[in-house]
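Take a look at the letters that make up each chain.
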Amino acid sequence: MSDNIFCRVVRVSDFSVRRLVRAEIAGWPVLIIRDGEDFHAFRNRCPHTGVRMNAARVHEHALVCPHHLAYFDLRSGKCRANPPSGGLDGLPALTRYEIRLTDGWIEIEIEGAPSLGGQTRGEVRIGPPVRFE
Ligand code: FES
């Protein structure tokens, strides 16, 4: 039996097209991204150096790390282009979380979530939303 459950995080109506929300679920930093009609969720850590990507932007269905400009495909999390400076061949993919929409809410599957004690919004800290041009 899986130890994973879906945690209710943010309302769909809180997003506009190409908007990113940062959240922290029991210490797990998460990025939730709307790209058109699709939603994606990743651990908010760049696999290059492990830093958070709070100032990331979305470009051509990719999440662009603000530090060295690696492009990560929003559908798979895989690095699909090296930064202009090069040298990042074989960069691991972003950690992707399963996501579902329920009753107008975005819910994210987080490993070990039962330790949160529930799926209520009160268990989740929501970071300030970041709007993309
Ligand atoms: S820290 Fe993200 S590409 Fe280097």
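A quick note: this is a predicted structure, and the numbers were derived from the prediction, not measured.

**A look at the overall build of the chain**
Counting its regular elements, the chain contains zero helices and 12 strands. For the chain, buried positions account for 26% of its 133 residues.

**Focus on the sheet that holds strand β8 (residues 79-81)**
Strand order across the open sheet formed by four strands is β5-β6-β7-β8, with antiparallel pairing between neighbours. In this open sheet, the two strands that pair with only one neighbour each are β5 (57-59) and β8. Recorded for the sheet is a direction-independent mean angle of 40 degrees between the axes of neighbouring strands. By the bridge criterion, three bridges tie strand β6 (residues 62-64) to strand β7 (residues 71-73) in an arrangement that is antiparallel.

**What to know about the confidence of the model for the chain**
Predicted confidence across the chain gives a mean pLDDT of 80, with 74% of residues reaching 70 or more. Per-element averaging of pLDDT across the chain places strand β12 (residues 124-131) at the bottom with 55 and strand β4 (residues 38-43) at the top with 95. For the stretch residues 114-122, pLDDT sits under 50, and the model shows 14 contacts to residues farther than four places along the chain or on other chains.

**Focus on the nonpolar core**
Ranked by size, the top nonpolar core spans 28 residues in total, and within it Leu 31, Ile 32, Leu 63 and Ile 108 carry the most contacts. Going through the elements one at a time, β1 (5-11), β2 (19-25), β3 (28-35), β4, β6 and β11 (105-110) are the ones with two or more residues in this core. It is β3 that contributes the most residues to this core, four residues altogether. Residues within four places of Leu 63 in sequence aside, it is in contact with Ile 33, Phe 42, Ala 56, Val 58, Phe 72 and Leu 74.

Basis of the calculations
- Residues numbered from 1 in each chain as written.
- Predicted model: local features only at pLDDT ≥ 70, side-chain atom pairs only at ≥ 80, totals over all residues.
- Helix = DSSP H or I, 4+ residues; strand = E, 2+ residues; numbered from the N terminus.
- Buried ≥ 20, exposed ≤ 12 C-beta atoms within 10 Å, placed from the backbone.
- Pairing = 2+ DSSP bridges.
- Axes fitted to C-alpha atoms, helices over the stretch in contact; angles between N-to-C directions.
- pLDDT = per-residue confidence, 0-100.
- Contact = placed C-beta atoms within 7 Å.
- Core = buried A, V, L, I, M, F, W, Y, C linked by C-beta atoms within 7 Å.

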